[in-house]
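These are the residues of each chain, in order.
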Amino acid sequence: SVHLVGGVDVYMQPYWEGKTVKQAEQEYLEEIFQAVTVHRDYDVLGHLTYIAKARAHPTHALVRYEDHRELIDEILRILVRHDKGMEVNTSGIDRCGGSLPTMDIFRRFHELGGRIVTVGSDAHDAGRVGQYAREMEQALKEIFGYVCTFENRQPIFHK
């Protein structure tokens, strides 16, 4: 997962100063694009749209696929090309009103040939571990027909 842009934490106010929400999202997605372009030693891209839940985000609106279609598609194509997975993170449901990223991005990932999908809760405390995991598992199964776990860095596909 990517949390910093140019060494600045997107969760905190300094990142947001002087930017519109769309500019902040675009810069964040560009950083992810650079990361997935350069790095290969990972299995799953964690919460692609993490920025939506940032403490300093002025609206906590979900990142809209339509607002960043070209860049998100490029990120997804790189994931597909290198057989990397994508995580749906449930932490945005309470904070932003939806999963991170949203299911339309997962549908696009599937259309482009993405096959590895996982669920994470980004809990940070015991009471939130696995929160909404069953709902997100079902949503992924409706798109992909399965959800993945990993063993020894190898995906296991669970129908």
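Relevant structure appears above.
Residues numbered from 1 in each chain as written. Predicted model: local features only at pLDDT ≥ 70, side-chain atom pairs only at ≥ 80, totals over all residues. Heavy atoms only, no water.

### Points about the packing of aromatic side chains
1) Next: In this structure the tally under the stated criterion is five aromatic pairs.
2) Next: Both rings, one in Tyr11 and one in Tyr50, keep their centres 6.4 Å apart while their planes meet at 25°; by these two values the pair is stacked. Taken together, the positions of Tyr11 in the loop between strand 2 (8-9) and helix 1 (13-16) and Tyr50 in the loop between strand 3 (44-45) and helix 3 (69-81) put the pair 39 residues apart, joining distant regions of the chain.
3) Next: Given the relative accessible area of 5%, Tyr50 is considered buried.
4) Next: Judged by centre distance (6.1 Å) and plane angle (55°), the ring pair of Phe144 and Tyr146 falls under tilted. Here the two residues Phe144 and Tyr146 agree in accessibility, since each one is buried.
5) Next: Site record: aromatic cluster; members linked through ring pairs are Phe109, Phe144, Tyr146 and Phe157.
6) Next: The residue whose ring lies beneath Lys19 is Tyr15, and the NZ or CZ to ring-centre distance is 3.7 Å. (Phe/Tyr/Trp six-rings, centres within 6.5 Å; stacked < 30°, edge-to-face > 60°. Helix = DSSP H or I, 4+ residues; strand = E, 2+ residues; numbered from the N terminus. Buried < 20%, exposed > 50% of the residue type's maximum accessible area, 1.4 Å probe, protein only. Lys NZ or Arg CZ within 6 Å of the ring centre and 35° of its normal.)

### Some remarks on the pattern of salt bridges
1) Next: Within the structure shown, the criterion is met by twelve salt bridges.
2) Next: For Glu27, the salt bridge goes to Lys19, with nearest N and O atoms at 3.5 Å.
3) Next: For Glu27, a relative accessible area of 31% gives the class partly exposed.
4) Next: Judged by its relative accessible area of 23%, Lys19 falls in the partly exposed class.
5) Next: Linking Glu66 and Arg64 is a salt bridge whose minimum nitrogen-to-oxygen distance equals 3.7 Å.
6) Next: For Glu66, a relative accessible area of 41% puts it in the partly exposed group.
7) Next: For Arg64, a relative accessible area of 44% gives the class partly exposed. (Salt bridge = Lys/Arg side-chain N within 4 Å of Asp/Glu carboxyl O.)

### Some thoughts on helix 3
1) Next: Between its first and last C-alpha atoms helix 3 spans 18 Å; for 13 residues at 1.5 Å apiece the expected length is 18 Å, and the two agree.
2) Next: Along helix 3, the residues that are buried comprise Leu71, Ile72, Asp73, Ile75, Leu76, Ile78 and Leu79.
3) Next: Taken together, the buried residues of helix 3 touch helix 2 (21-38), strand 3, strand 4 (85-89) and helix 5 (103-111). (Expected span 1.5 Å × (residues − 1). Contact = heavy atoms within 4.5 Å.)

### What about the pairing of strand 4?
Note on strand geometry: in a regular strand, side chains alternate between the two faces of the sheet.
1) Next: Across the five residues of strand 4, five count as buried, placing the element largely inside the fold.
2) Next: Of the pairings in the sheet, the one linking strand 3 to strand 4 comprises two bridges and is parallel in character. The partner of Val44 across the bridge, within strand 4, is Gly85.
3) Next: With respect to chirality, the unit in which strand 3 leads through helix 3 into the neighbouring parallel strand 4 is right-handed.
4) Next: Alignment of strand 4 against strand 5 (residues 117-120), held across four bridges, turns out to be parallel. Across the sheet, residue Met86 finds its bridge partner in strand 5, namely Val117. (Pairing = 2+ DSSP bridges. Right-handed = clockwise from strand over helix to strand, strands pointing away.)

In short, geometric facts, not functional conclusions.
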